[in-house]
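Summary of structural features
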Amino acid sequence: MEPQRLSPTVRRRHKLLNIAHTWLLAGGSLMLLAVCAWALAGLEGVVWVTIGGGLSLYFASRVSPRLVLKLYRARRLPDHVFPEGHDIIRELSARADLPSVPELYFVPSRMLNAFTVGGRDDAVICVTDGLLRQLSLREFAGVMAHELSHVANGDVRVMALADIVSRMTSSMSLIGLFMLLFNLPMLVANGVGVPWLGILLLLAAPTVGGLLQLALSRTREYDADLDAVALTGDPEGLAAALVKLEQIQGRMWEAMALPGSRIPEPSLLRTHPTTEERVRRIMELVPRASGRDRYPDARPKVGRSLVPAVGRPRMRVRGLGHWY
């Protein structure tokens, strides 16, 4: 069965919308930082913040992914242990026109998770034991396409910039409030009015900056979903993986709490969009599925990804038992 035909009109609309959101959110974060710098030290403050932000981004991009891998106790997954996974990543990397094939690393954790570190030239994709044991190869291909899309789009650097801007905004807010409180008795004694507008700005800046960063993260997730479907030609494969991750992760967290004690997470505080919204957008890319508002079956029966044999059996990763 051939990969499903995607709607170019819908995909182009989603792509333009995601790009517009990214620029607006990133521009808003930079504008907020500039306003805080101006309120704190005028034009000179803006200049110093620009220099400091540029240097921070430069050094952050030079940090080796190996440091992050050590933090998570990640180990390289050899080709002979999981040849199917390496074949999928090589094929998807070629389709994404990446200059090099990212390495595949294994994290000994029961959580279902995958994440990417590094840039286009030295990217590393980490997958947990829980993810490998729960997903079919078709679903695994969708998740890997999503991670490779982050690499191709430079999202690691975009989110690093957003994190630096958010941290600098919070630091400047704290410094400004401390200086204001320190000089407040002098201002009152000299009859100078209290700059309430500046105080409100400095108080609200960290919260607003954090919300802009979270919104930017959600936009990049939508864009990675869109490009992942373009790489595999299999929207239902990725959608099924997202649904399975939501179902299993939800049960794992519920087991750690009392029955009925789940606390809903406010949408503004989510780094990732809701699974329902992600699935809805993914399925809109296929003309025949446009408008569908229900989750697809956890084991789709139509379409295919990079592997011909999909369905109920889970993939078996040979040799992992010797890693513990």
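Fair warning: this is a prediction, and the values are worked out from it, not measured in the lab.

Examining the overall build of the protein
Check the secondary structure of the protein and you find nine helices and four strands. Counting from the amino terminus, helix and strand elements in the protein follow one another as α-α-β-α-β-β-β-α-α-α-α-α-α. The buried share among the 324 residues of the protein stands at 44%. Residue pairs at least 24 apart in sequence account for 75% of intrachain contacts in the protein once pairs closer than 6 positions are excluded. Accessible surface computed for the protein: about 17,900 Å², of which carbon and sulfur atoms make up 63%.

What about the sheet that holds strand S3 (residues 114-117)?
Within a sheet, each strand pairs with its neighbour through backbone hydrogen bonds, oriented either parallel or antiparallel. Strand order in the open sheet formed by four strands is S1-S2-S4-S3, and the pairing between neighbours is mixed. A strand with exactly one partner marks an edge of an open sheet, and here the two such strands are strand S1 (75-76) and S3. Judged from the two bridges that link them, S1 and strand S2 (residues 103-107) form a sheet pairing that is antiparallel. Looking at the pairing, Arg76 lines up with Tyr105 of S2. Packed on one face of the sheet, helix H5 (residues 137-152) meets S2, S3 and strand S4 (124-128) and runs near 25° to S3.

Regarding the nonpolar core
Among the nonpolar cores identified, the biggest contains 41 residues, and Leu104, Val127, Leu131 and Met144 are the most heavily contacted of them. Broken down by element, this core gets its largest block of residues, eight residues, from H5. The contact partners of Met144, leaving out residues within four places of it in the chain, are Ile89, Leu92, Leu104, Ala114, Ile125 and Val127. In terms of nonpolar packing, the next biggest core, distinct from the first, is built from eight residues, Leu69, Val107, Phe115 and Val124 among them.

A short note on the pairing of S4
Of all five residues that make up S4, five are buried, and the element is covered over most of its length. Every second residue of S4 is oriented toward a common face, with Val124, Cys126 and Thr128 on one face and Ile125 and Val127 on the other, all of them buried. As defined by bridge partners, S2 adjoins S4 across five bridges and the pair is classed as parallel. When the bridges of S4 are listed, Glu103 appears paired with Val124. Pairing analysis gives four bridges linking S3 to S4, with the strands arranged antiparallel. For Val117, the partnering residue across the bridge sits in S4 and is Val124.

Things to note about the pattern of salt bridges
Under the definition given, this model contains 16 salt bridges. With a shortest N-O distance of 3.0 Å, Arg95 and Glu91 are connected by a salt bridge. Of the two residues, Arg95 and Glu91 both sit in helix H3 (residues 83-95), four residues apart, roughly one turn of that helix. Judged by its relative accessible area of 39%, Arg95 is partly exposed. When the shortest N-O distance is used, the salt bridge between Arg278 and Asp225 registers 2.8 Å. You can see Arg278 sitting in helix H9 (residues 275-283) and its partner Asp225 sitting in helix H7 (residues 196-232), a full 53 residues away along the chain. Each member of the pair Arg278 and Asp225 is classed as buried. One salt-bridge network, in which partners are shared between bridges, spans Arg76, Asp79, Asp87, Arg90 and Glu103.

Some thoughts on the packing of H7 against H9
One way to put it is that H7 packs onto H9 with a least axis distance of 10 Å and a crossing angle of 40°. H7 and H9 meet at a crossing whose hand is right-handed. For the pair H7 and H9, the contacting residues are Glu221, Tyr222, Asp225 and Val229 in the first and Glu277, Arg278, Arg281 and Ile282 in the second. When grouped by side-chain class, the residues that make up the contact of H7 with H9 number three nonpolar, no polar and five charged.

As for the environment of Pro99
Along the chain, Pro99 turns up in the loop between H3 and S2. As a C-alpha pair, Pro99 and Asp121 span 22 residues in sequence and 6.3 Å in three-dimensional space. Among residues more than four places away in sequence, those in contact with Pro99 are Arg120 and Asp121.

Quick notes on the rules
- Residues numbered from 1 in each chain as written.
- Predicted model: local features only at pLDDT ≥ 70, side-chain atom pairs only at ≥ 80, totals over all residues.
- Heavy atoms only, no water.
- Helix = DSSP H or I, 4+ residues; strand = E, 2+ residues; numbered from the N terminus.
- Buried < 20%, exposed > 50% of the residue type's maximum accessible area, 1.4 Å probe, protein only.
- Contact = heavy atoms within 4.5 Å.
- Areas by Shrake-Rupley, 256 points an atom, 1.4 Å probe, with all protein chains shown as cover.
- Pairing = 2+ DSSP bridges.
- Axes fitted to C-alpha atoms, helices over the stretch in contact; angles between N-to-C directions.
- Core = buried A, V, L, I, M, F, W, Y, C linked by side-chain atoms within 4.5 Å.
- Salt bridge = Lys/Arg side-chain N within 4 Å of Asp/Glu carboxyl O.
- Left-handed = near helix turned anticlockwise from the far one by under 90°.
- Nonpolar A, V, L, I, M, F, W, Y, C, P; charged D, E, K, R; others polar.

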